[in-house]
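# A closer look at the structure
Each chain, letter by letter, is given below.
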Amino acid sequence: PQRPVGMGDVPEPCPQAPLAVLSKVELRVSCKHLLDRDTLNKSDPCVLLLMQSQGQWMEVDRSEVIKSNLNPVFAKIFTVDYYFEEVQKLRFEVYDSHGQAGVGTHDDDFLGGMECTVGQIVAQKRVTKPLFLKYGKFAGKSTITIISEEISGNNGYVELAFRAKKLDDKVSWVLGENRTGWAGWAALSLILLPQDLFSKSDPFLEIYRIDDDRSEQLVYRTEVVKNNLSPIWEPFKVSLNSLCSCEEKRKLRCVVWDYDSRGKHDFIGEFFTTFEEMQKAMGENKVQWDCMNPKYKIKKRNYKNSGVVVLLDLKIHRVYSFLDYIMGGCQIHFTVAIDFTASNGDPRNSCSLHYINPYQPNEYLKALVAVGEICQDYDSDKKFSALGFGARIPPKYEVSHDFAINFNPDNDECEGIQGVVESYQSCLPKIQLYGPTNVAPIITKVARVAANEERTKEASQYFILLILTDGVVTDMADTREAIVRASYLPMSIIIVGVGNADFTDMQILDGDDGVLRSPKGEPVLRDIVQFVPFREFKNASPTALAKCVLAEVPKQVVEYYSYKAFPPRCPRPPTPDPNLGSPQ
């Protein structure tokens, strides 16, 4: 075995930097009841996956061709990057192929297409939809089914504690000087001196992952334990991705060295194992391996080992991802709160921020739709709470800071984003814009619902509150207090500043420049507020705003459930269709 190269005076333990892996999703495709376009045989289907980019459909990948089958289950697995903060539109097109899968489809018969978003697929895990021909015509009874699964780049980390027993005592030799003098002449000769003559070996342990190409990747290097043949090394943590690429059966090579200050470390022995084998050390159990020197095994007749390495303890710390929770059935409940204070201007005046232009949506509507379109994919009933604040409302025209804009006090939910838009437009003529700009009541109202959800002790529902306001809040102290309380609950708050007001004072609510504290000095548990002025996105596409304000939500969701130690729920797996894939 070769000595490690490039080590300094003391081997440094490998850095334990956290992984930041982009989520990827695998999509499996099957179809049923495809149209039969062939005269003599059945259709030979092939699926193309396209993704919309800057308004254009671009082909991402395509499946294999399955010969003569109207109910194909494709072996091809499509892989797409996943971004929560984007509407990622996909289109699946099925063709009856008359040539190789790599050839273009201009000569192939179109069997139908289906459009959806990545968000819809991961939220439902299994999506079945009808196939459509051109001009919205159904392709008979044809359907396509998409099943999604996350490719997790970070399945957590493992904590390991190793020791060794009765390691070989390595004596390394160094060059020394022997000076003698005779008759005024000085003579110099070189002799070999034992370096560890009066001390024992100084062992350290290295763990290597053996990759598919048989190359070795250093995973961890322990500290050196001086003058000890039965060392106990400090426990350490490594990610499962780093240790074994999240594959329990991947082979690992563990090497024990006797440290040498010149970098020429002496090989003591090695052993091979897997993470699967290591897991036998969980609890009170221990696992041990013979530390073997291949040269001694060949040369020495009675050679047994060069010591024993013992895994004293193994602890697995599972790190769940945002998609783990979403695919486990966690719903994202979206609530919008709209500022109806007088500073917005009379809605009948074209200068008002609430003016309804039949040809151009106002800033409130643009922000509402941009964020709501993302969130709606993660709420199965597609019902959204819509609230208003700062207006006098019927019948008594008293000021309210948390009224339902559909004027139903028993049910403030609207059907889809379009339902919210319609409720907003219909309520404007019925209310009197007033003030002040108090948002603490609405934060507290949503927090009460989130608190009820927390008591279930399940990762079943997370709340996003979008507050649209044209000015700095007037109840800043109460708002800070409400946010601190909310940071302990399953909710995030997005505040979008509409209009041209000076929003400098609002930045205090966004913890990017420091930790937000209540008036009494209590810090937030989590940074749950994102504030942006809409004017920064006035000339950008609607998706730019959504990307900015929603980018932190996945992290906030994971932080909350990790803090509460709530694992993802285990939804009932999709029921397989016994007829799926059977030939006709």
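Below you will find a few notes about this structure. (Residues numbered from 1 in each chain as written. Predicted model: local features only at pLDDT ≥ 70, side-chain atom pairs only at ≥ 80, totals over all residues. Heavy atoms only, no water.)

Counting residues in hydrophobic clusters, the biggest one holds 91 residues, and the most contacted among them are F92, F334, F340 and L550. Of all the elements, helix α6 (residues 363–375) adds the most residues to this core, at eight residues. With near-sequence residues (within four places) excluded, F92 lies in contact with L27, V29, V47, L48, L49, G112, G113, M114, C116, I121, I144 and I146. Counting 32 residues, the second-largest nonpolar core is a separate cluster that includes I443, I467, V473 and V524. (Core = buried A, V, L, I, M, F, W, Y, C linked by side-chain atoms within 4.5 Å. Buried < 20%, exposed > 50% of the residue type's maximum accessible area, 1.4 Å probe, protein only. Helix = DSSP H or I, 4+ residues; strand = E, 2+ residues; numbered from the N terminus. Contact = heavy atoms within 4.5 Å.)

So, about the packing of aromatic side chains. A complete count under the given rule lists 22 aromatic pairs for this structure. Where F84 meets Y378, the ring centres are 5.1 Å apart and the plane angle is 50°; that geometry is what we call tilted. A residue pair is termed long-range when its members are at least 10 positions apart, and F84 in the loop between β4 (73–81) and β5 (89–96) and Y378 in the loop between α6 and β20 (383–389) qualify at 294 residues. Between W257 and F267, the aromatic rings sit 5.7 Å apart at their centres with planes inclined by 75°, giving edge-to-face as the arrangement. Of this pair, W257 sits in strand β15 (residues 251–258) while F267 sits in strand β16 (residues 266–274); the two residues are 10 residues apart in sequence, bridging distant segments of the chain. For the residue pair W257 and F267, the accessibility class agrees, reading buried in each case. (Phe/Tyr/Trp six-rings, centres within 6.5 Å; stacked < 30°, edge-to-face > 60°.)

Now for unusual backbone geometry. Put simply, P394 and P395 share a cis peptide bond, and its omega is 5°. Locating P395 in the fold gives a position in the loop between β21 (391–393) and β22 (398–400). The phi dihedral of R214 falls on the positive side, at around 70°, and the residue is not glycine. Considering the arrangement of structural elements, one finds R214 in the loop between β12 (203–210) and β13 (216–221).

This part is about the sheet that holds strand β25 (residues 432–433). Read from one edge to the other, the open sheet built from three strands follows the order β22-β21-β25, with strand pairing classed as antiparallel. Bordering the open sheet on either side are β22 and β25, each of which pairs with just one other strand. Relative to β22, β21 is paired through three bridges, and the arrangement is antiparallel. Among the inter-strand pairings, R392 is bridged to a residue of β22, identified as V399. (Pairing = 2+ DSSP bridges.)

The N-to-C vectors of α6 and helix α7 (residues 416–427) enclose an angle of 160°; their axes lie 10 Å apart at closest approach. Viewed along their axes, α6 and α7 adopt a mutual orientation that is roughly antiparallel. For the element pair α6 and α7, the recorded crossing hand is right-handed. Residues Y364, L365, L368, V369, G372 and E373 of α6 form the contact with α7, whose own contacting residues are I417, V420, V421, Y424 and Q425. Taken together, the residues of the contact of α6 with α7 break down into eight nonpolar, two polar and one charged. (Axes fitted to C-alpha atoms, helices over the stretch in contact; angles between N-to-C directions. Parallel < 35°, antiparallel > 145°, perpendicular 65-115°, else oblique. Left-handed = near helix turned anticlockwise from the far one by under 90°. Nonpolar A, V, L, I, M, F, W, Y, C, P; charged D, E, K, R; others polar.)

This brings us to the pairing of β12. The two faces of the sheet receive side chains in turn, since in a regular strand these alternate between them. In terms of burial, β12 is largely enclosed, as eight of its eight residues are buried. Of the two faces of β12, the one holding P203, L205, I207 and R209 and the one holding F204, E206, Y208 and I210 are both buried throughout. As paired strands, β12 and β15 are joined by seven bridges and run antiparallel to one another. Across the sheet, residue P203 finds its bridge partner in β15, namely D258. From the end of β12 to the start of β13, which pair antiparallel, there are five residues, and R214 there has a positive phi angle of about 70°.

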